[in-house]
Amino acid sequence: MTKYAELHARSAFTFLEGGSLPEALIAGAAESGISAMALLDRNGFYGSPRFHMSARKLSLHAHVGTELVVEDELGLSNYPLLCESQAGYQNLCRLLTKTKLRVPKHTRSSARIEELAQHAHGLVCLTGDEQGPLARALEEGGIEAARKLLHKQVTIFGRDNVYVELQRHLERKQEVRNRISVDLAREFKLPLLATNGVCYASMADREILDVFTCIRNKRELATAGKLLCRNAERFIRTPQQMARLFCDLPEAISNTHELSQRLDFSLERLGYEFPRYPVPDGGSQIEFLRAQARKGASDRYGPGNEKARKQIERELDLIEKLELSGYFLIVWDIVRFCRDNGILVQGRGSAANSAVCYALGITAVDAVGMELLFERFLSEERGEWPDIDLDLPSGDEREKAIQYIYKRYGQLGAAMTANVCTYRGRSAAREVGKVFGFDTETTERLSGLVGSWEWRGPEDTFDRHFSKAGLDLTEWRIAKYLDLCVRLQDLPRHLSQHSGGMVICQGSLDSVVPLEPATMPGRVVVQWDKDDCADLGIIKVDLLGLGMMAVLKDSIELIRDHYDEEVDLAHLPADAQDVYGPIRKADTIGMFQVESRAQMASLPRNNPEKFYDLVTQVALIRPGPITGQMTSPYLRRRQGKEPVTYPHPSLEPVLKRTLGVPLFQEQLLRMAMICANFTGGEAEELRRALGHKRSERKMKEIESKLRAGMTQNEIKPESQDSIVQFITSFALYGFPESHSASFALIAYASAFLKVRYLGAFTAAILNNQPMGFYSPATLVKDAQRHGLKVRPIDVTCSIWDCTLEGKGHAVSLRMGLRYVRGLQHAAGEAMVKARGERAFSSTEDLTRRVPQLSRANLAMLARIGALNFISGEAQLHRRDALWQIEKAARNVGPLLLDVVEPDETSPLNRMNTEERLVADFHGTGMTVGPHPMAYRREELRKVGISSASELRRIRHGKSAVVAGCVITRQRPGTAKGLIFITLEDETGNANVIVMPDLYSKDPMVVLRERFIKVRGKVQNVDGIVHLMAEKVMPLEVTSAETWSHDFH
Amino acid sequence: MLFGCIYVPDFPVQAALLCEAKIYLAEGIASQKTLPDKSAGKGSSLKTSSNEISPAIASLGKASLDKVSFIEKSFRQYQIAVLDGPANQMKIFACNEPARRAGIEIGMTKVQAEALPSVALRKRVLDHEFIAHAALLECAGKFSPRLESTCPGTVIIDLTGTERLSGSKKKVAEKLRDAAQDSGLSANVAVASNADTALYAALGSGIQGVTVIQDGEEAESLGDLPVSLFNLQTANLYFTNLYFTNSHPVGRQSDGFHSGSLPPGKLRLGKSSGTQPETADIVDALSGWGIRDFKSLAALPSVALTQRLGQYGLHLQRLAKGEVQRELVPYVEASSFQQSMELEESIDLLEPLGFVLCDLLERILLQLVNRSLATDRIQVDLDLEIHSDCQLQLTRQQSALLEPTYQRVLKLPVPTQDAKIIFKLLELDLAGKPPHAPVKKVSVEAFPARVKFGQTGLFQPVAPEPAKLELTLARLRSVVGDKVFGDKDEQGRSLVGFPVILDSNRPDSVDVQTTMPASKVKKTKPAKSKSIVPRHAMRVLRPPAEVKVGLRARVPATISFGGVRSEVMQVSGPWRTSGSWWDRNQAWNREEWDVEVQWQDGHAGVRQAGFRHAIFRVFRDAASDRWYVEGIYA
């Protein structure tokens, strides 16, 4: 039997130069009977982890290497390099990092031949294909140059480590080169090595490579000419085919096996080590950790909590056993840095299951009090690194934390994880359309048709889009186009930076994985995404930006300054009923995670009274539980309308807390462990498949495994069905309990601040826009309805941010200059500074002293009434100010400078209410005066239109008409095409549901009108009021530019 | 002084409708119930509420073009919107009143507009607007030669002195409106003592409105107009600037409409060009002040206003008062480069026709030369004398011979002013394809283009002069060619032209182009010391000859060529190429072999060449599974 190893293959991770995924190459190799394969992607190891993992499953050898672009005297060529040992791999990583970091992102990097010589230890070099150094030398300088090159290679790598590579793709020119190569190999006594220079798994995938070639060169297939492949021979050949092809040179085949045997390195032995924490006085890490945890525990739990002490000791023992103390200390160090620098930080993810994390201050969820499952976080059996995510205020503060890590572990000791962007429906349709030479309009129409709305109908497939766009699928070209659009799905397109994942390494990270520059200055990125890192056991810390964290931090500062009170988020009063009251009534605008329409619609039914109810609430409205049809049963059980039952008696302990309905990932894992005898490791694999974008195939595998296990445990087929349904629907996303608890904590904190310190909370949330679900106008109106006095922007007292005036609970909110449309931050600050020196006496004074303010800025300030009080006692009206501004801001020239204006007062009329509304919304996006609907209330009442508050009192089933300003429109993916509209008036919000058929009758009114009136039937069940629309009509209220948050 | 202004509201829509009505009639498809969709966009055929075109139009049949205005008027009831912009982000550029009522707004995206299925969408075609504007100018020209082509869809006419001819001011205005109506455009018309007052009065009045402003009542009459009209008008003018000077250069004309007929639009609001943003600022400031109409603007104190809005603000105030007196920017009709000659007696020989043509051409080229222009396209229309009995049942070919007109279009590779060359080319063309009947009228039109002055590089090889080369090619074309394929060979390539090697992996792919390919300056590469690819001469067979090949273990073993079967002694291969997989007709997949054969004595090849061995390049076409000889190695 012929033994052959394919030692030169490129995957789609040589972006746009390879046609198959690493997994497909491995599958192809297994099918062809090849025992070992080497993946040599260009200038990196991008696909190596996936290649390695899939090879491991099929018991193949996955060799590691790269095609390194090297610059020598003849120009650029691709050196195929294979890693023989760990030293070789590390050398190559360092060399790649060096070359990548010296050029900006998106620029092709190359190594210099001298650098390669310095990093050559442990590497095997092949002479390459038509882009390789030997072909290049022959082309440029003939045989003499080739001789010189081989001599140099032998000097650099040693005679044993240079192989003369032969490829046979049935091309004449290549064969000529091969003949010369064979002669040169004999002359230099170098071994021959046959490879097929694989670029795609099967012959048919040559088409993908041709399409990629066109995308890369911005050409169409019809005009790409010789850029395209000459034939389709670069697929994975069987050993027999290769032996036949090289029957004249059998040693070239046998050498592949020998070399494969020699290549000792695999990604199994990556040499990664998490950094050790430098313990101050030279003690051991675990002792230091124990001391810190005990100290923290006594602060958090108090001295007498025996249960907590035991749990912490148990966890610490496990941490010691698994040698993870360094990891905990390092995360603790980051958290400590944040605390010391006033950056609010909270851990979430499975770390919230740990009492040690709580004691160290990493998380704020009391794992002992909430009886959270520690094994979900850390288990001896899984042998995997724990996962700690840190939530930080988004923006500069998160960046500070990231830069701290870079500083502490060195530029080459830490890096962000990558994110692989792949071809999806729309991008594939667009790119392939261009390549096929469709006109822009057709291409745009096609790509536009693919999933432009979140809701995906049952027939939302490529075929349907094509027929809809008027393309005939029986036509060859169109059929090919469709085929390629589908085949391009999930192939990598480029790498970007993951939003928050960071990897840290003991020693230098650049010898573990090549690093690349990121677009953002001061950042470096590894070549692998977070799944690859996890697969290879590289530990990462997620630093995620969360707008609400910034709000909480700002609120605390405002409370300190204006209420003279100190709020500690870790010690908020537990289960304060004045906080739960509004939540139960779904009065939750601005509160974290519970403010969306869907959340509001379930809050009165869930009726949260304690913290755990909030935890379930946060997890309840997720696509997983909703599509798995777990939300409604849970709410009915919660209201006592349905008995609590379990799919199987053995599951009672797991599902008891959530009334027999699984809501959290942990519960599903436990279910799998109990029902189907999954081991901890298998359950973990299940978890990753659940949260995984590449999950479909994995889910199928897991389902059969689940069913087999359940049959073994004699679980009835019907119960099996419901258990499988529970588990698979979570593939669409569900929360782990600890994660939910962390979010619930922030939700509770936001509710607490909103209820107790409305002014501070509102100011903080207005200063951190855009975030959350509602526009600033809605947030302001909501705060006003709750009794907060909101004062307009005024150049005599507003600063850049919204702030509070007054002390204690009588504070009022002063809108900040940040809300003036078109005003630059610097101009705003300059004005505040100038005012700090001396108050402005007139518009003229303002214009002269703050030259940064443009005429447009001044006019805008005048229009929104911010200059009304500039002259002290003598109050101007807005038009007076505008009249004066126009003169003050204009350089009239010497001729008119001394002309005394005959009439000092302005000839203009005051603005009327409508004009003021228009100016307010245009200039600030909101009004702090009465709601526009308030001006029309009398009139509306006469024609029988109810206000939002009146609607709540109308009985179920009655007809009603409401009117208001549209503040949100939603069409969630889980709601079968229903459209949810929220209307706002001066009394509150009214919820309207529009059925798809009503929408299709008059889409423009539903989609575009800013004010509408809706007639329909009232649905008033369990305190949740909806109006089921029967007719939607436009309503003339004001021409002010109100704004609606649509389809997010 | 008396000025009149004709303003066509929603001009792009009306222009589109006018041209569609013309096409509708011209195509004689009045019996069909819906109009074919000329633009892209789903469901955009014209529909009314009853989804049928008015029966009156349907009964028209192939009527005369006088009915255009009638059809256009009938079309107006449909909801129509015009899209403009780059293909991937087209937005609504204009719409008519019914469409506006249906919910269309200017600036909507195409996707948003498509949500209103009752609205017919049209892509903006600049030529339609040129045609419509030309029609408007023509109808204004009937009243006075002193015209100003203000902007697309707006014309101001100096009517001073015409009252005596046409009657009262009101009558003049009504006549103007009716004239526009007859040419298929519904317009607002205003007459006043100065141009701008007439302009704003026309802009501001209702659909098909007629406004007469008496002397001294300007300020009062304009008082209720919104100040936002300044924006509209300046935007129009600004846009005219871009549109007529940049995107329609001389030489790119169609439908006989010459860009020269519209002078480059200038801002005539008292300021130099490019002030559109400033107008917007001023109108914005005015609306901030609560000044909504001309009356309020007129009432503001002038000095204070000037201090705030500058001279331009003052100018706008004077416009609002109707006080601005200005001269019109005269509209000069462009000359068309067309000459025709009706013959007293028909000519049926080419030679006398040549004399006529030569004379006409010389006259046209003189006109062009006088304007420093050249031409790269000449169109000759011949009216023929046909005597036929219409009752005869004719075949298609026969009926072509009864066509009463005959047209030839000559395109030149470069613009030229040389009448002799053009004449020679025309002569050769007509000699190859003579008219099928005696000629009674000859018309020649030249399409102007800018003269190209080119200087070849000092080190470039000397090439023949393009015009002369074209002449030679035309001569060759008239000589070669056959009856079956005409000027093309059986593979669809031209017989005369410039051979070009195509950029393709497909072996032996060449094309013949009719125009000279742009010469590329090749990068000089250092001479290679030794080429690694050995070169062999091969005699290529075009087209390849089919052979029978016997295989042994998938390798050619025997070849039957020229009626003789030979054993293959040695082979080399296979060499595979394939490509064009995306196009079923063009796809190829072939496998080449080099084979050495030994001929027996007495074989024709042996007799000719005198040796017994030969090496062939043979290939198998995978699609047809046939073998061919591509060439023989020398």
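See above for the structure.
Residue numbering note: each chain is counted from 1, following its sequence as written. Chain letters start at A and ligand numbers start at 1, both assigned in the order the entries are written. Only residues with pLDDT of at least 70 are given local features in this predicted model, and only at 80 or more are side-chain atom pairs given and counted; all residues enter the totals for whole chains, interfaces and linings. As a rule here, side-chain values cover all heavy atoms of the structure and leave hydrogens and water aside.

**Regarding the overall build of chain B**
Basically, it comes down to this: Elements are defined by DSSP. Helices are runs of H or I of four residues or more, strands are runs of E of two residues or more, and each kind is numbered from the N terminus. A 1.4 Å probe rolled over the protein chains alone gives each residue an accessible area, and that area as a share of the maximum for its type sets the label: buried under 20%, exposed over 50%, partly exposed in between. Contacts between residues were defined by any pair of non-hydrogen atoms, one from each residue, lying within 4.5 Å. Computed with the Shrake-Rupley method and a 1.4 Å probe, the accessible areas treat only the protein chains shown as cover for residues.
On a plain count of helices and strands, chain B comes out with 19 helices and 20 strands. For chain B, with 634 residues in total, the buried portion stands at 44%. Considering only intrachain contacts with a sequence separation of at least 6, the fraction spanning at least 24 residues in chain B is 64%. Surface exposure of chain B reaches about 33400 Å², of which carbon and sulfur atoms provide 52%.

**What to know about the overall build of chain A**
What counts is decided by this rule: Just to be clear, the radius of gyration here is over C-alpha atoms, and the globule rule we use is 2.2 Å times residues to the power 0.38. Positive charges are assigned to Lys and Arg, negative charges to Asp and Glu, while His and the chain termini are left out of the count. Lysine's charge is taken at NZ, arginine's at CZ, aspartate's at CG and glutamate's at CD.
Scanning chain A for helices and strands turns up 44 helices and 24 strands. A globule of 1048 residues ought to have a C-alpha radius of gyration of about 31 Å, and chain A, at 34 Å, matches this closely. Principal-axis analysis of the C-alpha atoms gives chain A an extent of 100 × 85 × 75 Å. A burial count over chain A gives 59% of its 1048 residues as buried. Sequence-distant contacts, at least 24 apart, represent 72% of the contacts inside chain A between residues at least 6 apart. On chain A, roughly 42100 Å² of surface is accessible, and the fraction owed to carbon and sulfur atoms is 50%. Put simply, chain A has 136 plus and 134 minus side-chain charges, and the middle of one group is 3 Å from the middle of the other.

**What to know about the side chain of Glu17 of chain A**
All names here are of chain A. Worth spelling out the cut-off: Any N or O atom pair separated by 3.5 Å or less is treated as a polar contact, with the protein-specific requirement of one donor-capable and one acceptor-capable atom, and with residues adjacent in sequence counted only for side-chain atom pairs.
As for its placement among the helices and strands, Glu17 is situated in the loop between strand E1 (6-9) and helix H1 (22-32). Residue Glu17 is classed as buried on the basis of its relative accessible area, which comes to 9%. A polar contact of 3.1 Å, which involves the side chain of Glu17, links it to the side chain of Arg42. Setting aside anything within four residues of it in sequence, one finds Glu17 in contact with Arg10, Arg42, Arg108, Cys199, Leu209 and Arg216.

**Regarding the interface of chain B and chain A**
Stated precisely, the cut-off is as follows: A 1.4 Å probe defines the accessible area here, and the buried area is the portion of it lost by two parts on being joined, summed over both. When a carboxyl oxygen of Asp or Glu lies within 4 Å of a side-chain nitrogen of Lys or Arg, that pair is called a salt bridge.
Between chain B and chain A, the residue contacts involve 50 residues of the former and 55 residues of the latter. Taking both sides of the interface into account, the surface hidden between chain B and chain A amounts to around 4800 Å²; carbon and sulfur atoms contribute 56%. Looking at the side of chain B facing chain A, the largest losses of area belong to Arg308, Trp581 and Trp582 of chain B, adding up to 20% of the total buried there. The tally of links from chain B across to chain A stands at five salt bridges. A salt bridge links Arg576 of chain B to Glu233 of chain A, with the nearest nitrogen and oxygen atoms 3.1 Å apart.

**So, the nonpolar core**
In globular proteins that are soluble, nonpolar side chains generally tend to be buried together. Rules: As used in this record, nonpolar core signifies buried Ala, Val, Leu, Ile, Met, Phe, Trp, Tyr and Cys residues forming a set joined through side-chain atoms within 4.5 Å.
Among the nonpolar cores identified, the biggest contains 170 residues, and Met815 of chain A together with Tyr200, Trp289 and Leu297 of chain B are the most heavily contacted of them. For this core, the leading source of residues is helix H32 (residues 737-756) of chain A, giving 11 residues. Formed by 134 residues, the second largest nonpolar core is a distinct cluster that contains Leu92, Leu190, Val368 and Ile504 of chain A.

**Thoughts on a nonpolar patch on the surface**
Residue and element names in this part refer to chain B. The cut-off we apply is this: Residues with no salt bridge and a relative accessible area higher than 30% make up the patches, which join like charges within 9 Å and nonpolar side chains (Val, Leu, Ile, Met, Phe, Trp, Tyr) within 5 Å.
On the surface, Val479, Val480 and Leu495 cluster together into a nonpolar patch covering about 260 Å² of accessible area. Mapped onto the elements of the fold, Val479 is located in helix H18 (residues 466-479). Residue classification places Val479 among the exposed residues on the basis of a relative accessible area of 67%.

**What to know about the side chain of Asp613 of chain A**
All names here are of chain A. With respect to the secondary-structure elements, Asp613 resides in helix H24 (residues 611-620). Assessed through its relative accessible area of 2%, Asp613 is described here as buried. Within the structure, Asp613 has its side chain in polar contact with the backbone nitrogen of Glu609 (distance 2.8 Å). A polar atom in the side chain of Asp613 sits 3.0 Å from the side chain of Arg638. If we ignore the near neighbours within four places in the chain, the residues touching Asp613 are Asn606, Asn607, Pro608 and Arg638.

**What about the pairing of strand E12 (residues 492-504) of chain A?**
Residues and elements named next belong to chain A. Put simply, the rule is: Two strands qualify as a pair provided that DSSP identifies no fewer than 2 bridges between them.
Summarising the sheet, strand E11 (residues 414-422) and E12 pair through eight bridges and their orientation is antiparallel. Note on E12: the bridge partner recorded for Ala415 is Val503. Bridge analysis of E12 against strand E15 (residues 540-546) gives three bridges, and the strand direction is antiparallel. The partner of Val503 across the bridge, within E15, is Lys540.

**Focus: the sheet that holds strand E16 (residues 789-791) of chain A**
All names here are of chain A. We apply this condition: Only the stretch in contact is used when a helix axis is fitted, and all axes are lines through C-alpha atoms; the angle between N-to-C directions ranges over 0 to 180 degrees.
What the three strands build is an open sheet, ordered E16-E18-E17; its pairing is mixed. Both outer strands of the open sheet, E16 and strand E17 (803-805), are each paired with one neighbouring strand and no more. In this sheet, adjacent strand axes meet at a mean angle of 35° when their direction is disregarded. In this structure, E16 lies alongside strand E18 (residues 812-814), joined through three bridges in parallel fashion. Paired with Arg791 across the strands is Arg814, a residue of E18.

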